[in-house]
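Fold and geometry: a report
Now for the letters of each chain:
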Amino acid sequence: MLREITIGQYYPSNSILHRLDARVKIIGALLFIVCLFVFHNPAGYALSTLFLISMITVSKVPVFYIFRGIKPLVYLLLLTVIFNLFLVPGKYIVSWWIFHISAEGVRMAVVMALRLIYLIFGTSLLTFTTTPNNMTDALESLLKPLQAVKVPVHEIAMMMSIALRFIPILLEETDKIMKAQTARGADFESGNLIKKIKSLIPVLVPLFVSAFRRANDLALAMEARCYTGGKGRTKMKPLQYQRRDYLAFLFFCVYLGMMILTKIADVKIPIRL
Amino acid sequence: MDMINASKISYSYERIDEEGNTTERVAALRGVDMQVQPGEFIAVLGANGSGKSTLARQLNALIAPTEGTLYIDGMDTAKEENVQNVRRTTGMVFQNPDNQIIASVVEEDVGFGPENLGLECNTIWERVEESLKAVNLYAYRKAAPGKLSGGQKQRVAIAGIVAMRPKCIVLDEPTAMLDPKGRREVIRTCRALNEVEGVTIILITHYMEEAIYADRIYCMDKGQVKLCGTPKEIFSRPEELEAMQLDVPQATKLGYELKKAGVPVPDGILTIEELVEALCCFH
Ligand SMILES: Nc1ncnc2c1ncn2[C@@H]1O[C@H](COP(=O)(O)OP(=O)(O)OP(=O)(O)O)[C@@H](O)[C@H]1O
Ligand SMILES: [Mg+2]
């Protein structure tokens, strides 16, 4: 059951989006999200939609994969819609008992849902097209300026990549321990929430013991291989911008420019809902 | 110059309580002498807790002797400034293959050591390819380590060390968690590195059958080296080995029993082939 959890789901393909430098993709995703929240006018949303659709098409990731990303957040989405629908004051169009729905509320609910869904789409497109290793490398490179203020950027990136390597191992181990405890009569299924949480203690204790032992072994192995931190270390796969990466940056600039234009145009032609 | 020159090294682990006082001392090594020439293949045998892993960690300067001196390729491991150079000279392969593979792609893991050495990108790639070919895993360079068999994982770990071009490789029970096939793969890799590349190999093992290929064997017991000699010399003394809770290879045991029963077979037979030959000669 635990094997189903996949972290940083990656969809292998050879599209142009997959081949882009991960740093470009991270910056692009950030730009997309910021635009989504800054430029809230109909033309802006239309442009965002266009951008998203073209990116999904280029990425060659099947659309249902992208829609699946909403599943874990469906309750959050519903909650947002309901709150906006009923709690935003304005001119009521529907009233029943204590429930009132205003035109403003409908508008807000639609806008918020749209924003959330686009946010999920944008970020999952990033993880679908970028391997976890590339992601950590790119984050290390992008956050490098923070080293000036004593943020241990290399160490954080190393921790992330080690975590990615050990998550499957630890999940497998959890599975094994649970089976072993079940064979000894442990019951993880029945009872109320508190009982269920309590029943996890015999799993967590051996898991932690083993994780610490592994950490100790790994630290020794890294030291034996001359690891002394980020200083004096070179990269086997250094990140280097290619021509396509510069083109992508140019494309993002155009996108941002058009977004700003929609804002300016919107002031002159107020669109009534 | 000796590859390894240990004279009378001792080491004890200290257990420290919350106030920082030493509550307990476990003497893991008591006056170990060891001289190894470049290019030798050494096997180290010993029961559980006899101090083999402690010795291995000394050779890699992960710990320094509390008494005595240890020189690796002429460098004193007790000196702080030598530590990194000692680790470049002797590589270390550990028992559990999962806990020593750092990256999520085989080639990236092999490149981890060379990256730490600060080598240039091209050199790193050359070395990665070379060492993956040396352990016969070049076809798996893009694979995820988790998807490999135990023997393959352990060979990835060996490749990761080979890529740093050490003069000496210390393997601490590299085969303990492997099936017979994986064990054969790893031992074959070690012998090839020793014979073809001339790398000094220190193989710590529980399997007597793996020790018969060594040039010399060290037998450890309670933190001391009790016996040292060629496999023939060592395995012709089964009673002394038994006192250290060690076994002899099966063929040797059979030869020894036959001899006791009056069949004239020579001492120190190591392989089944040798035993067959001796018995055929006798007929
Ligand atoms: N980290 C430690 N802290 C305290 N004592 C230790 C530690 N590691 C080992 N020892 C003790 O030192 C002695 C030698 O241990 P060592 O691990 O070197 O033996 P070994 O020959 O490698 O055994 P094995 O065959 O089980 O691997 C043992 O008595 C052990 O209990
Ligand atoms: Mg040991």
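What counts as what
- Residues numbered from 1 in each chain as written.
- Chains lettered and ligands numbered in written order.
- Predicted model: local features only at pLDDT ≥ 70, side-chain atom pairs only at ≥ 80, totals over all residues.
- Heavy atoms only, no water.
- Helix = DSSP H or I, 4+ residues; strand = E, 2+ residues; numbered from the N terminus.
- Rg over C-alpha atoms; globule rule 2.2 N^0.38 Å.
- Buried < 20%, exposed > 50% of the residue type's maximum accessible area, 1.4 Å probe, protein only.
- Contact = heavy atoms within 4.5 Å.
- Areas by Shrake-Rupley, 256 points an atom, 1.4 Å probe, with all protein chains shown as cover.
- Lys, Arg positive; Asp, Glu negative; His and termini not counted.
- Charge placed at Lys NZ, Arg CZ, Asp CG, Glu CD.
- Salt bridge = Lys/Arg side-chain N within 4 Å of Asp/Glu carboxyl O.
- Core = buried A, V, L, I, M, F, W, Y, C linked by side-chain atoms within 4.5 Å.
- Pairing = 2+ DSSP bridges.
- Patch = residues over 30% accessible without salt bridge, like charges linked within 9 Å, V, L, I, M, F, W, Y side chains within 5 Å.
- Axes fitted to C-alpha atoms, helices over the stretch in contact; angles between N-to-C directions.
- Parallel < 35°, antiparallel > 145°, perpendicular 65-115°, else oblique.
- Nonpolar A, V, L, I, M, F, W, Y, C, P; charged D, E, K, R; others polar.
- Near = heavy atom within 4 Å.
- Polar contact = N/O pair within 3.5 Å; in protein donor to acceptor, adjacent residues only side chain to side chain.
- Buried area = accessible area lost by both parts, 1.4 Å probe.
- Domains from an automatic or database assignment.
- Left-handed = near helix turned anticlockwise from the far one by under 90°.

This paragraph deals with the overall build of chain B. A count of helices and strands for chain B gives 11 helices and 10 strands. Taken against the 2.2 N^0.38 rule, which gives 19 Å for 283 residues, the C-alpha radius of gyration of chain B at 20 Å falls within 12% of a compact globule. By principal-axis analysis of the C-alpha atoms, chain B measures approximately 65 × 50 × 40 Å. For chain B, the proportion of its 283 residues judged to be buried stands at 53%. For chain B, contacts bridging at least 24 residues in sequence account for 64% of all contacts bridging at least 6. Approximately 13,000 Å² of chain B is accessible, and the part contributed by carbon and sulfur atoms is 48%. Computing the positive centroid from 31 side-chain charges and the negative centroid from 42, chain B places the two 2 Å apart.

Scanning all chains against the criterion turns up 28 salt bridges over all chains. Close ionic contact of Glu14 of chain B with Arg25 of chain B constitutes a salt bridge, the shortest N to O distance being 2.8 Å. With Glu14 of chain B in strand S1 (residues 4-16) and Arg25 of chain B in strand S2 (residues 22-36), this pair connects stretches of sequence that are 11 residues apart. Salt-bridge contacts for Lys253 of chain B lead to Asp247 of chain B; the nearest nitrogen and oxygen are separated by 3.3 Å. Given the relative accessible area of 39%, Lys253 of chain B is considered partly exposed. Taking relative accessible area as the criterion, Asp247 of chain B reaches 40% and is therefore assigned partly exposed. Three or more residues joined by partner-sharing salt bridges are found here, namely Lys237 of chain A together with Glu107, Glu108 and Lys142 of chain B.

What follows deals with the nonpolar core. One finds Ile169, Ile217, Cys219, Phe235 and Leu241 of chain B to be the most contacted residues of the largest nonpolar core, which totals 49 residues. Not counting the four nearest positions on each side in its chain, Ile169 of chain B is found in contact with Gly91, Val93, Ile161, Val162, Leu193, Val199, Thr200, Ile201 and Ile202 of chain B. Within the second largest apolar cluster, 33 residues are counted, among which are Ala221 of chain A together with Ile9, Ala56 and Leu70 of chain B.

Looking now at the sheet that holds S1 of chain B. Strand pairing in a sheet relies on backbone hydrogen bonds. The paired strands run either parallel or antiparallel. Residues and elements named next belong to chain B. Reading across from one edge, S2-S1-S4-S5 is the order of the 4 strands in this open sheet, with antiparallel pairing throughout. The sheet is open, and its two edges are formed by S2 and strand S5 (75-76), each paired on a single side. The pairing of strand S4 (residues 67-72) with S5 spans 2 bridges and is antiparallel. Bridge pairing links Tyr71 to Asp76 in S5.

Residue and element names in this part refer to chain A. A grouping of Val74, Tyr75, Leu78, Leu79, Ile82, Phe83, Phe86, Leu87, Trp96, Trp97, Ile98 and Phe99 is seen on the molecular surface, where their side chains present a nonpolar patch of about 1,400 Å² in accessible area. Per-element tally for the nonpolar patch: the top contributor is helix H5 (residues 74-87), with 8 residues. Tracing the backbone through its elements, the reader meets Val74 in helix H5.

Here the focus is the packing of helix H7 (residues 132-143) of chain A against helix H8 (residues 153-183) of chain A. When two helices pack together, their arrangement is given by the angle between the helix axes and by the axis-to-axis distance. Residue and element names in this part refer to chain A. Relative orientation of the contacting elements H7 and H8 amounts to 170°, with a least axis distance of 9 Å. Between H7 and H8, the interaxial angle falls into the category roughly antiparallel. Between H7 and H8, the contacting residues are Pro132, Thr136, Leu139, Glu140 and Leu143 on the first element and Val153, His154, Ala157, Met160, Ser161 and Leu164 on the second. Split into classes, the residues belonging to the contact of H7 with H8 amount to 7 nonpolar, 3 polar and 1 charged.

Looking now at the site of ligand 1. Residues and elements named next belong to chain B. Around ligand 1 lies a shell of 14 residues, among which Asn48, Gly49, Lys52, Ser53 and Thr54 are the nearest. Between ligand 1 and the protein, one listed contact pairs an oxygen atom with a side-chain N or O atom of His206 at 3.2 Å. Counting only elements with at least two residues in the shell around ligand 1, the list comes to S1, S2 and helix H1 (52-59). Of the residues belonging to the shell around ligand 1, the class tally is 4 nonpolar, 7 polar and 3 charged.

Buried accessible area, meaning the area lost when the parts come together, often serves as the stated size of an interface. Between chain A and chain B, the contact holds 26 residues from the first and 37 residues from the second. In total, chain A and chain B occlude about 2,800 Å² of area from one another, counting both sides; carbon and sulfur atoms represent 54% of this. It is Arg165, Arg225 and Met236 of chain A in chain A that bury the most area against chain B; as a group they hold 33% of the surface buried on that side. Where chain A touches chain B, the interface holds 6 salt bridges. A salt bridge links Glu108 of chain B to Lys237 of chain A; its shortest N-O distance comes to 2.9 Å. Counting the contacts that link chain A with chain B gives 17 residue pairs in polar contact (both at pLDDT 80 or more). Those elements giving two or more residues to the side of chain A that touches chain B turn out to be H8 and helix H10 (201-224) of chain A. Ranked by residues supplied to the side of chain A that touches chain B, first place goes to H10 of chain A with 8 residues. Of the residues that constitute the side of chain A that touches chain B, the class distribution is 13 nonpolar, 5 polar and 8 charged.

Here chain A is partitioned into domain 1 (1-130 + 241-273) and domain 2 (154-238). Centre-to-centre separation of domain 1 of chain A and domain 2 of chain A, based on C-alpha positions: 34 Å.

Residue and element names in this part refer to chain B. Viewed as axis vectors pointing N to C, helix H3 (residues 106-116) and helix H5 (residues 150-162) meet at an angle of 35°, and their least axial separation amounts to 7 Å. Helix-helix and strand crossings are classified by hand; for H3 and H5 the assignment is right-handed. The segment H3 lies against H5, with Val106, Asp109 and Val110 engaging Val156, Ala159 and Gly160. Classifying every residue of the contact of H3 with H5 by side-chain character gives 4 nonpolar, 1 polar and 1 charged.

With that out of the way, let us pick up unusual backbone geometry. All names here are of chain A. The residue Cys226 is not glycine, and still its phi comes out positive at about 70°. Topologically, Cys226 is positioned in the loop between H10 and helix H11 (243-268). By relative accessible area, Cys226 is classed as buried at 3%.

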